[in-house]
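What follows is each chain in one-letter form.
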Amino acid sequence: MSIRVGIVGISGFGGGEALRLIANHPSFELVYAAGEGSAGTPLINRYPGVPHKLAGLVIEKWDPESLPDLDVLFASLPTGTSAEALARVPDSVKIIDIGGDHRHVDGWTYGLADVWPEQIKGATRVANPGCFPVATLNTLAPLLTAKLIEPGNIVIDAKTGISGAGRGGGNSKFGYAETNENLQPYGLLRHVHMPEMEKTIEKMSGGSAAGLVFTPHLVPMTRGLLVTIYCRGRTTTEQCLDAARSCYADRPFVRVTDQPPQTKWVSGSNLSLVSYAADPERELVIAMGVVDNLGKGAAGHAVQNANLICGLSETTGLEGAPVWP
Ligand SMILES: NC(=O)C1=CN([C@@H]2O[C@H](COP(=O)(O)OP(=O)(O)OC[C@H]3O[C@@H](n4cnc5c(N)ncnc54)[C@H](OP(=O)(O)O)[C@@H]3O)[C@@H](O)[C@H]2O)C=CC1
Ligand SMILES: CC(=O)N[C@@H](CCC(=O)OP(=O)(O)O)C(=O)O
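First, a word on what this report is: a plain description of the structure on this page. (Residues numbered from 1 in each chain as written. Chains lettered and ligands numbered in written order. Predicted model: local features only at pLDDT ≥ 70, side-chain atom pairs only at ≥ 80, totals over all residues. Heavy atoms only, no water.)

Further remarks concern the site of ligand 2. Taken together, 13 residues form the shell around ligand 2, and within it Thr 79, Arg 103, Tyr 186, His 191 and His 193 come nearest. At a separation of 2.7 Å, an oxygen atom of ligand 2 approaches a polar side-chain atom of Thr 79. Measuring from an oxygen atom of ligand 2, one finds a side-chain N or O atom of His 193 at 2.6 Å. Contact with the protein chains covers 79% of the free accessible surface of ligand 2, which is 430 Å². Looking at side-chain class alone, the shell around ligand 2 contains six nonpolar, six polar and one charged residues. Looking at the shell around ligand 2, you find at least three residues from each of domain 1 (3-129 + 296-309) and domain 2 (131-293). (Near = heavy atom within 4 Å. Polar contact = N/O pair within 3.5 Å; in protein donor to acceptor, adjacent residues only side chain to side chain. Areas by Shrake-Rupley, 256 points an atom, 1.4 Å probe, with all protein chains shown as cover. Nonpolar A, V, L, I, M, F, W, Y, C, P; charged D, E, K, R; others polar. Domains from an automatic or database assignment.)

What follows concerns the site of ligand 1. Near ligand 1 you find 26 residues, and of these Ser 11, Gly 14, Ser 38, Leu 77 and Arg 167 are the closest. Note that an oxygen atom of ligand 1 is positioned 3.2 Å from one of the backbone N or O atoms of Gly 9. At 2.7 Å, a backbone N or O of Arg 167 approaches an oxygen atom of ligand 1. Protein chains shield 82% of the accessible area of ligand 1, which is 900 Å² for the free molecule. Elements with a minimum of two residues in the shell around ligand 1: helix 1 (13-23) and helix 9 (295-309). Here the shell around ligand 1 is built from residues that sort into eight nonpolar, 16 polar and two charged. (Helix = DSSP H or I, 4+ residues; strand = E, 2+ residues; numbered from the N terminus.)

Below, the structure written as structure tokens:
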């Protein structure tokens, strides 16, 4: 029997990627698509390449009080705009929130699926981690749990593709002329993902993450996200790689590589690649991670979480290889 799902925010980058994955998912049937400005548009007008079976769907105006019979709702709305409306969704509908309104919020499970799948399985309200946090936390989890690095001394230098900013509205600053052949640091000192990363690093390590530094950079590519993380610890490259291999031995989406990972290696997939270089003499560890910001950073992770809460195999609908080149 198929599982009836809906996507609100389907016209956006996160919602569009959720549509692509759900359209090919063997157990999910998309029965509801919603938005604001795009409401009233046939899905096929918005996405001319949508599979025939979904061509008849029309994007509805988002209204939690008039949902059809649904098992799972994927919410991909701008952070800050979803909490009030999602609180009105009936309890019988499971929710995966791709946006940032419910991370580490009471009543919601933090859906870091590659690290804590068992904590997610029984949940009905799942907050997907942010794109930078998932790349960072998947990379650091083995080092923190094996106590190979100090949790209070972590510096994250991150790079993201432009789609990380969403399609945006009329005032978007992410047009071609502004982003092509340009590199921009942003969010200095107070990026919105800092609290989420601090809390989870503390949970993983049992120590304080007070010294955390995080600087993201916008780079002129469509998809992809790389974190290069500088940490303190007297360990070797092999010890870090071994810790990660053991941590992720049975996990389907995290790959440990002894080469510095590249964003294209995961493009279009739900994969997360991690690698490490360590110099024990200098007590320096460089931890690296890549994800597709729309895949593991958003919709791929959301489908993985939905699989977990629906009792499906975690990899269902997510086994496609990355797009190369
Ligand atoms: N882009 C990324 O890589 C990632 C995004 N996220 C998070 O996912 C969420 C969505 O991001 P993204 O897809 O990039 O953003 P976009 O700007 O691309 O899309 C936003 C979507 O929200 C809809 N929307 C906006 N306001 C309303 C409203 N009042 N009622 C109903 N629908 C509304 C828009 O619909 P319409 O066009 O119909 O108005 C649009 O479909 C954000 O919280 C973002 O932070 C998380 C991880 C990664
Ligand atoms: C390039 C760019 O602007 N990226 C976004 C990614 C954040 C995001 O998508 O996360 P939430 O789900 O937490 O809102 C940013 O840095 O805010």
